[in-house]
Each structure stands twice: as C-alpha cells, then as structure tokens.
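# Structure assessment
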Amino acid sequence: MRQRSPHRTGWTLVLPLLVFTLVTFLAPIGFMLWKSVYDPEVAGLLGQTRQALAKWQTSTGLPGPEGFDALSRDLRDLTGDGRVSQLALRLNRERSGMRQLIEVTADAIAEYDRPLLEIDPRWGDPDTWVLLKRMTQPLTARYFLSAVDLQQTPQGSIVRQDESRRIYVYLFGRTILVASVVTAVCIILGYPFAYALATARPRMQRLLFFIVMLPFWTSLLVRTTAWIVLLQRRGVLNEILVAMNIVSERSRLELIYNLSGTLIVMTHVLLPFFVLPLYAVMKGIPKQYVRAGKSLGAGPVRVFLRIYLPMTLPGVLAGAALVFILSLGYYVTPALVGGRTGQLISNQIAFHVQTSLNWGLAAALGSILLVIVVVLTMLLSRVTQRGVL
Amino acid sequence: MLNAAVKNRPPSGATFEHAVVLQNVVKSYDGTTQVVKGVDLSVRSGEFLTILGPSGSGKTSLLMMLAGFEQPSDGAIIIGGRDVSRQPAHKRNIGMVFQQYALFPHLTVAQNLAFPLEMRRMGRREIDDRVGWALNLVKLEGLGARRPAQLSGGQQQRIAVARALIFEPQLVLMDEPLGALDKQLRQQMQDEIARLHHELRPTIIYVTHDQGEAISLSDRVAVFEGGKISQIDPPTALYNAPRNDFVAGFIGENNRIPARIISHGPPSRLAVSGRAIVSALSVDIAPTETHACIMIRPERLRRVAHLCQLPNTIDVVVSEVSYHGDSYRLRASLDDGIDVITRIPNDGTQSIPDIGESILLGWSTEDARAFAGGVSATIR
Ligand SMILES: Nc1ncnc2c1ncn2[C@@H]1O[C@H](COP(=O)(O)OP(=O)(O)OP(=O)(O)O)[C@@H](O)[C@H]1O
Ligand SMILES: [Mg+2]
C-alpha cells in the first residue's frame, strides 16, 4: 500500500482550523481592509454623473454641459425616496455646506427644472465639481488620509486636516504611550512576581497563582465596580490617604475617569499575560545554571545580570509583546474608567462603527492599528530568531 | 599562615598537604533524618578521589556542601587550609562539572570558558590566551564561536570540564559528569578525564554510582553507604580486600555463600549447605554457630576435577551457561538453592559442562572472605 505523504496528512489535520480561521478571522480582516479603500456609495447614487465626469480634466475649469445635465438627471432620479438626503449627508462629511447645496438643488430641480447655475452659484465653482468627481470614484485614499489627520484639497494636493479636526494621530500617540507605560509597569511589577512564583513552595505558589489569576476569574463589571469603589474621589484609597494626612481634603487624587484610571486598570488586567509566559520560562531554567554561575565565581548580582536575566529575556519579551499588543487594542476598560482623557484609538474605532457609522474610517483606523501590530510582531520574531537573546 | 584549621587538625593526621578536609560533616534537610551522617575525609592535593555509592546514599548532598550550595548541619569543611563552612559558593574557588553540563545557552563556547576568568577580572588578552589554551586542552579548537546547543553531548561535556579547570581552582567537583552520555562515549570521556588529571594534577572529587568509572579513574575510592563512608582505599585494595560485605558486594561481581561459623582462624572454618566444611579469611569476629557469609570473586571460584585439587570445594549443579567470547559464564546451584557464578576461560584447556551436570567448584582459602551476619538486605 502506498503511504500518504506526511505533508498531505499534515494539511488534512490543520484544514478544519484553517477554514475556521479563514471564515472568522482572515475574511473579516480582508473585508475591513477592502472597506477602508473602497467606497462605492456616491458612485452608486450618481452613476450618470460619474460617467459624464470621467473624461473631464479637472485642470480645465468647469466640466462641459454634459456633466451638468448628468447631475441634474441623477438628482431628479434620486428625489422622492430619501436617497437625496443620504447623498447630501455623505457629501457633507467631506465638506460642510454640501448638504444644504444638494438638498436645495434637488428640490429646485424637482419643482422647476432650472439650470444648476441659476439654482446656486456654487455650481459655478470648479471645486464643487472636483469633489463630485473624486467622490464618484469608488477606490479612495481619503479614509486613510483622515485616519492620519490629512485631507486632499480641491486642487488635489494633500495637506493637514484643519486644526480642530486633528485627533487621530494624537490618539494613536496616546495609545502607543499608554501601551508602553502599561508594558513597562507590567515588567517592573511582573518580573519579581514571576520569580517568586517560579521559586515558591507549592502552598505559597498556589496562593500567588490565585492572586495573579484573580482578574481572569472576576467578571468585568465586578472588577470595574471594585476599581471605582477603590479609586474614586471619595473612594477607599483617597479616604485612607486623607486619613493618614498624606493628601489634604481639598487635593484628593483623581485616579479614575481619566488617563490614570485607564493605566491602573489596564495594568491590573494585563499583568497575568506578562507573568504567565515569564513564569513558564523561569520554571524551565534548572537550578544548575545559577549554581554553575556561582561556582565560577559570580556573586548574586552578577549571576542575575549575566545569567538569569539573559536566560529569562525571551519570556520577558514574549510577555511584554503580548501585553503591548493587547494594550494597543484595548477598548472596554478605557471606555469604562478612562473618562475623556483616557480614551484610546480603539474607542474611536468603536465610535465610528457603532455611532457615526463611518465604517470606511473605522476600517482605515483599524488597518493602521493592524499594521503596527504586524510590524511589531515581525520585528520581535526577527530579534528572537537571530539568537540575540 | 596559622589558623583555626591547623589547630583543629583532625585525628586522622591531615596536614597542609591536604587540599580538602572534612570533619564530622552532617547534613539534615528536615532536621530529623540525617542524609550525611558524620563524614571524616581528607583529600590530598592533586588526588583523584571518587565517592561511590548507591542512589540516595548522600553523595550529591556531600558535594553540594563542598561547593557551598548547601550548609552542613554540623562539622567543618576545610579547603586549602581554611574553614569554608560559612563561605558563599562564589568565593570558594571551586570548579564544578554538572551532570547536565550547565553550559550557559545564551553564551558561546568561548564566552562560557571566559566567564570564570571575567569574574576574576582578568585582562582581555590573558582571557583570550587562556580560552585558546583550554579549547586546545580538550581538543575542540575552532568551536569557540558556537553555542552549546550546536555541540554534541560529548563535546558539551568536554567544554564543561574545561570551564571547571580553566581558572585553576583549588578543587574540582564532578557530580556524575558522564551520567548523560551513552556507553561508548562514556568510556572515551573517562579516558579524557584521566588524561586531564594526569596532565594538570588538579584535586578532584568525583561522584558516581558506576564502579567501573570509580575503579579506573581514581587514586582512592570512598564507598558511601547510607550517608557514611563504608571504606576508603585505593581501588585494588577495595577490590581485593573489602572491609565489609557491603563493599564486597558493591565493587565488582561477587559470590555470597551463606555459612555457619564453626571456629575462628586464621583461617576460620565454616559449614556451607549444612555439609561441606570450608575455610576462609574472616574479616570480623562473630561468635561461633552464628551465621556468616562467604564472599568469593567469580574468577577465583574454579572448577576442579577432584576433591583434593583445592583446599575448599562445594558440590553444585549447573543451571545456566552463557558464552562471552573470551570466557563462559556459569550459574550453578548449591543443594539448598543458593546460586553461585563462575567463569571458565575459553582457552581450550577445560571442557564446558552441560546444564544439569553436577560439578565441583573450589577455591584457595586466601581468596575467600567471611563476613559476620549472613546475607544483608542492602544488596540485591
Ligand atoms: N534539597 C533536598 N531537600 C530534601 N531532601 C533532599 C534534598 N536533596 C536530597 N535529599 C534527600 O537526601 C537523600 C540523599 O540524596 P542525594 O541526592 O545526596 O543522594 P545521591 O547519593 O546523590 O543519590 P543519586 O545517586 O541518586 O544522585 C535522598 O533521600 C534525598 O531524598
Ligand atoms: Mg546525586
């Protein structure tokens, strides 16, 4: 009998998981990526205008009369079933004033069928037409541009967003900063803890495990409530500090509903993700190595710096990467305890998905986040594979 | 340099030429059971001493105390004339070879070798010279840039040995260093360690439960039993003149024949299997009519044709014959069911008996030793 090639068997075994991943993970991500650059909404509404404007060179001033005709026909066709306001809203997102222009124009066409230029002088401005031409092209970079606070001028050059609308770069910065701080605090708190965990006697070890796993076992709401009870202005922590005269009654600490709330609670929730991989690595290091180091003449400090620390570094990196990447995508905790200053980029993504329904922008923001994570992961695996550690 | 160690000179007559002196060293991990029960030991400078004993006899515990990883519960450890009992491991200047090599995986071979030298703040130039010298010593020149994981088990072991020797420690400890190697490699590494000891003459304390290793490597062997030294002697003395039946049974193959003491010698007379009266050198004195056990090496138990050929003979029935190339190995039973082993050289001078055949086995009196107390339960 012919043996099946081990290659084929391997593929057969991973196939179910592969399909599952494809359907539930890769496909949505692909969809998101597509959504961030493909926006057929206006093209669908203004089909004739799109065709008419296709040959028009924007540098030649206004489009020819066929452009004006096509738009009039499109607007007339749209009148009556709410699609005018859909179009008006969509264009208004790109430039304020467009909503009013479209609605007035559509009304006027429906009632008197007058030429566009007589309805509103803005139709004589080439910029209006440039916007239309751009919006009727389904493939677009504008979501990515807005996601990094840029916009395209009517003349086609790319400039920064108006100052009042620049928020995303700042939020990305804040998110990365929060992730870095949370990761750093996890390393500082988690390393000694993991060491204690790895070297404790069994009874002590069970207790320490319980402590570190506690955030996993309590429900999100209970945990959050507990943090509120502890950290709020009249909460346990502040009461103790006031009672001990460490802070005065009037200068109670603002620990929650701001950036520090986000930092404290995220650190708490993510600490196990740092401790557990590090614990596994530490557990796998036999006593022999430390002993060998001592017998070769290294005191406790040098044994730690030259032997133990480098040997545990892969665990530190793995844990830190996990915490950092999870932090980048955190959104429930900031939403609950972050107040206004503790919001992260994911909260904006959620806002655009759920409230403003600007899926294209949400997708572009998400894609940028994804790219950051992928680049980080690749860097990390490069570092570990090269045997730097 | 007179210090406490000299004043506390042990009764055994240890002096400065002793690199290591242990005085009544006791170890108990839990405060109740003693794992090491009062060991006195002196190791000469440049000596290769092996601690040989069955599993759990406390060999590693003793070594850990020497290295400074465990504190003795009682007694003193004197190395190089100084009491180091309370000195931390990294100040003791002792090289150690671990069973699992314990080469640092994140450092290259050369960095591993350089580590103890760096800890001693040696200059870069000298470190490089020494590392080259050490690689040359273990015949692994050119492998300095590799990581330990890229070496074979035998190569790793050599580097581990080189690392323990490179800083010229006053004492080298090896805890079953060949335990992780396969049999052929073990022989090779054994020769290697012997060569290194011959060339450099470090003081080595070597722990093993392999008697072959102990006998072929050591100047002296300390046989450990239940946390105590049972006998400490050069290998030949250990083999030829074991001081008790534990040592006799532990070193090499030995026949043990239960007997009853009839009279004390020299030589003693004993009754075997109720009938035969034989003689043997007795090691310890026990009352007559009590039980004893006669130990005879298989190669000293010979097949004889007549009763008068050797002074002591017994009747046995052959139960098993196996061929070993240069010899045949016979298992035979006395009539009360006790088995003995003998070897017949395959030199064509003797015929080989069949299974079930009755033969006579005999020995010279000086080849047999009688120990009081019969067959002890600690062996087999
Ligand atoms: N750290 C420890 N804590 C408690 N008991 C220990 C410890 N180390 C060893 N023991 C006990 O001490 C006894 C002697 O152990 P040790 O390791 O010294 O024996 P050994 O002669 O080296 O045996 P082996 O040949 O199996 O290595 C054993 O009963 C063991 O269970
Ligand atoms: Mg041991």
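Residues numbered from 1 in each chain as written. Chains lettered and ligands numbered in written order. Predicted model: local features only at pLDDT ≥ 70, side-chain atom pairs only at ≥ 80, totals over all residues. Heavy atoms only, no water.

### A word on the overall build of chain B
The cut-off we apply is this: Only DSSP runs of H or I with at least four residues qualify as helices, and only runs of E with at least two residues qualify as strands; both kinds are numbered from the N terminus onward. Contact between two residues is taken to exist if any of their heavy atoms lie within 4.5 Å; hydrogens are not considered. Note on areas: Shrake-Rupley, 1.4 Å probe, and residue coverage restricted to the protein chains presented here. None of His or the chain ends enter the tally, which takes Lys and Arg as positive and Asp and Glu as negative. To locate a charge, take NZ of a lysine, CZ of an arginine, CG of an aspartate or CD of a glutamate.
Scanning chain B from N- to C-terminus turns up nine helices and 20 strands. Each principal axis of the C-alpha atoms in chain B carries an extent, and together these give about 75 × 50 × 35 Å. Contacts spanning at least 24 positions in sequence make up 67% of the contacts within chain B whose residues lie at least 6 apart. With an accessible surface of roughly 17,000 Å², chain B has 49% of that area assigned to carbon and sulfur atoms. When the 40 basic and 40 acidic side-chain charges of chain B are each reduced to a single mean position, those positions are 6 Å apart.

### Notes on the overall build of chain A
As a reminder, the rule being used: Only C-alpha atoms enter the radius of gyration, while the globule expectation follows 2.2 Å times N to the 0.38, with N the number of residues. The buried label goes to any residue with under 20% of its type's maximum accessible area, the exposed label to any with over 50%, and the partly exposed label to all in between, with areas taken from a 1.4 Å probe on protein chains only.
Of regular secondary structure, chain A possesses 19 helices and two strands. Scaling as 2.2 N^0.38, a compact globule of 389 residues should have a C-alpha radius of gyration of about 21 Å, whereas chain A reaches 29 Å, well beyond that. Residues classed as buried in chain A amount to 40% of the 389 residues present. For chain A, contacts bridging at least 24 residues in sequence account for 65% of all contacts bridging at least 6.

### A word on the side chain of Thr140(A)
Residue and element names in this part refer to chain A. Selection rule: What qualifies as a polar contact is a pair of N or O atoms within 3.5 Å, subject to a donor-acceptor requirement within protein and to the restriction that residues adjacent in sequence count only when both atoms come from side chains.
Its place among the elements puts Thr140 in the loop between helix H8 (126-135) and helix H9 (142-147). Within the structure, the side chain of Thr140 is placed 2.9 Å from the backbone nitrogen of Arg142, a separation counted as a polar contact. Not counting residues up to four positions away in its chain, the partners in contact with Thr140 are Ser36, Val37 and Asp39.

### Regarding the packing of aromatic side chains
Residue and element names in this part refer to chain A. Inclusion rule: Each Phe, Tyr or Trp ring, with Trp reduced to its six-membered ring, pairs with another whose centre is within 6.5 Å; inter-plane angles below 30 degrees give stacked pairs, above 60 give edge-to-face pairs, and intermediate values give tilted ones. A ring has a charge above it when a Lys NZ or an Arg CZ is no more than 6 Å from the ring centre and no more than 35 degrees off the ring normal.
For the structure shown, the criterion picks out 13 aromatic pairs over all chains. Their ring planes at 45° and their centres at 4.6 Å tell us that Phe68 and Trp129 sit as a pair that is tilted. Of this pair, Phe68 sits in helix H4 (residues 65-78) while Trp129 is found in helix H8, placing the two residues 61 residues apart along the sequence. Taken as a pair, Phe68 and Trp129 share a single burial class, namely buried. Their ring planes at 80° and their centres at 5.2 Å tell us that Phe209 and Tyr279 sit as a pair that is edge-to-face. Here the residue Phe209 occupies a position in helix H11 (residues 202-217), and Tyr279 occupies one in helix H14 (residues 259-283), the gap between them amounting to 70 residues. Feature note: the residues Tyr191, Tyr195, Phe304 and Tyr308 constitute an aromatic cluster, connected by ring pairs. The side chain of Arg142 reaches across the aromatic face of Tyr143, ending 5.7 Å from its centre.

### Here we look at the interface of chain B and chain A
Formally: Accessible-area loss on putting two parts together, using a 1.4 Å probe and summing over both, is the definition of buried area adopted here. Counted as salt bridges are all cases of a side-chain nitrogen of Lys or Arg within 4 Å of a carboxyl oxygen of Asp or Glu. When residues are grouped by polarity, Ala, Val, Leu, Ile, Met, Phe, Trp, Tyr, Cys and Pro land in nonpolar, Asp, Glu, Lys and Arg in charged, and all others, Gly among them, in polar.
If you look at the interface, chain B gives 22 residues, while chain A gives 18 residues. Three residues stand out in chain B for area buried against chain A, namely His90(B), His106(B) and Met119(B), and they jointly supply 30% of the buried area on that side. Here chain B is connected to chain A by two salt bridges. For Glu118(B), the salt bridge is made with Arg306(A), and the minimal N-O distance between the two is 2.9 Å. In this assembly, chain B and chain A are joined by four residue pairs in polar contact (both at pLDDT 80 or more). Contributing elements (two or more residues each) for the side of chain B that touches chain A: strand E6 (94-97) and helix H3 (109-119) of chain B. Looking at the side of chain B that touches chain A residue by residue, the class counts come to 14 nonpolar, two polar and six charged.

### Remarks on the site of ligand 1
All names here are of chain B. The condition is simple: Summary of the distance rule: residues count as near a molecule or strand when at least one heavy atom falls within 4 Å of that molecule or strand.
Around ligand 1, the neighbouring residues are Tyr29, Val35, Pro54, Ser55, Gly56, Ser57, Gly58, Lys59, Thr60, Ser61, Glu176 and His209. The separation between a nitrogen atom of ligand 1 and a polar side-chain atom of Tyr29 is 3.4 Å. Backbone polar atom of Gly56 to an oxygen atom of ligand 1: 2.8 Å apart, as the coordinates give it. Against a free-state accessible area of 640 Å², the protein chains account for coverage of 56% of ligand 1.

### Structural notes on the nonpolar core
Put simply, the rule is: Residue types Ala, Val, Leu, Ile, Met, Phe, Trp, Tyr and Cys, when buried and joined through side-chain atoms within 4.5 Å, form a set referred to as a nonpolar core.
In this structure, Val20(B), Leu22(B), Leu62(B), Leu66(B), Leu113(B), Leu173(B) and Ile205(B) are the most contacted members of the largest nonpolar core, which totals 109 residues. Per element, the largest residue contribution to this core is 10 residues, and it comes from H14(A). Discounting residues that sit within four places of it in the chain, Leu22(B) has contacts with Val39(B), Asp40(B), Leu41(B), Leu62(B), Leu66(B), Ala76(B) and Ile77(B). Leu45(A), Leu75(A), Leu116(A) and Leu131(A) belong to the second largest nonpolar core, which has 27 residues in total.

### A closer look at the sheet that holds strand E15 (residues 302-304) of chain B
All names here are of chain B. Note the cut-off: Paired strands, as defined in this entry, are two strands with at least two bridges between them according to DSSP. Every axis in this analysis is a line fitted to C-alpha atoms, fitted for helices over the stretch in contact. Angles between the N-to-C directions lie between 0 and 180 degrees.
Read from one edge to the other, the open sheet built from five strands follows the order E15-E19-E16-E17-E18, with strand pairing classed as antiparallel. Here the strands that pair on one side only, and so sit at the sheet edges, are E15 and strand E18 (339-345). The sheet shows a mean angle of 50° between the axes of neighbouring strands, direction not considered. For E15 and strand E19 (residues 358-363), the ladder comprises three bridges, and the chain directions are antiparallel. By the bridge assignment for E19, Val304 is matched with Leu360.

### Some details on a nonpolar patch on the surface
Note the following rule: Patch membership is restricted to residues that have no salt bridge and whose relative accessible area is over 30%. Joining uses 9 Å for like charges and 5 Å for the nonpolar side chains Val, Leu, Ile, Met, Phe, Trp and Tyr.
Together, Trp11(A), Leu13(A), Val14(A), Leu15(A), Leu18(A), Val19(A), Leu22(A), Val23(A), Phe25(A) and Leu26(A) line one region of the surface with nonpolar side chains, adding up to about 1,000 Å² of accessible area. With respect to the helices, strands and loops of the structure, Phe25(A) is situated in helix H1 (residues 6-37).

### Describing the pairing of strand E7 (residues 171-175) of chain B
Along a regular strand, successive side chains alternate from one face of the sheet to the other. Residue and element names in this part refer to chain B. Here is the rule: Seen with its strands pointing away from the viewer, a crossover is right-handed when the path leading from the first strand over the helix to the second is clockwise.
For E7, the buried fraction is high: five of the five residues fall into the buried class. Because side chains alternate across E7, one face comprises the buried residues Leu171, Leu173 and Asp175, and the other comprises Val172 and Met174, equally buried. Pairing between E6 and E7: four bridges, direction parallel. Across the sheet, Val97 pairs through a bridge with Met174, a residue of E7. Bridge analysis of E7 against strand E8 (residues 204-208) gives four bridges, and the strand direction is parallel. Looking at E8, one finds that Leu173 is bridged to Ile205. Between the parallel pair E7 and E8, the chain is carried across by helix H6 (residues 183-200), and the sense of this crossover is right-handed.

### Digging into helix H16 (residues 300-328) of chain A
Formally: Helices are assigned an expected span. That span is 1.5 Å times one less than the residue count. Here the bend at a residue means the angle between the axes of two seven-residue stretches, the one that ends at it and the one that starts at it.
Here H16(A) contains 29 residues, and its C-alpha end-to-end distance of 37 Å is more than 12% below the 42 Å for a straight helix at 1.5 Å per residue. Bending of H16(A) peaks at approximately 45° at the position of Leu309(A), with proline Pro310(A) no more than four residues after it.

### What to know about helix H6 (residues 98-112) of chain A
Residues and elements named next belong to chain A. Between its first and last C-alpha, H6 extends 21 Å over 15 residues, near the 21 Å set by a 1.5 Å rise per residue. The inward-facing, buried residues of H6 abut H4, helix H5 (83-94), helix H7 (116-119) and H8. The positive-phi residue at the C-terminal boundary of H6 is Asp113, with phi of around 55°.

### Considering unusual backbone geometry
With glycine set apart, most residues show a phi of negative sign, and most peptide bonds adopt trans. With a phi angle near 60°, Asn245(A) is a residue other than glycine that sits in the positive phi range. With respect to the secondary-structure elements, Asn245(A) resides in the loop between helix H13 (236-243) and H14.

### Things to note about the confidence of the model for chain B
Detailed reading of the predicted coordinates is not advisable wherever pLDDT is low. All names here are of chain B. Selection rule: Along the chain, pLDDT gives the predictor's confidence residue by residue, from 0 to 100.
Counting all residues, the mean pLDDT for chain B is 86, and 93% of those residues have values of 70 or more. The secondary structure element of chain B with the lowest average pLDDT is helix H1 (residues 4-7), at 38, and the one with the highest is H3, at 96. In this model residues 1-15 is a low-confidence stretch, pLDDT under 50, and it forms 16 contacts with partners more than four residues away in sequence or in other chains. This stretch, residues 375-380, has a pLDDT under 50; its non-local contacts, to residues over four places away or in other chains, come to 12 contacts.

### Topic: the environment of Ile372(A)
Residue and element names in this part refer to chain A. Mapped onto the elements, Ile372 comes out in helix H19 (residues 359-385). Separated by 196 residues in sequence, Ile372 and Ile176 have C-alpha atoms that sit 9.8 Å apart. Discounting chain neighbours no more than four positions away, the residues touching Ile372 are Phe172, Ile176 and Leu328.

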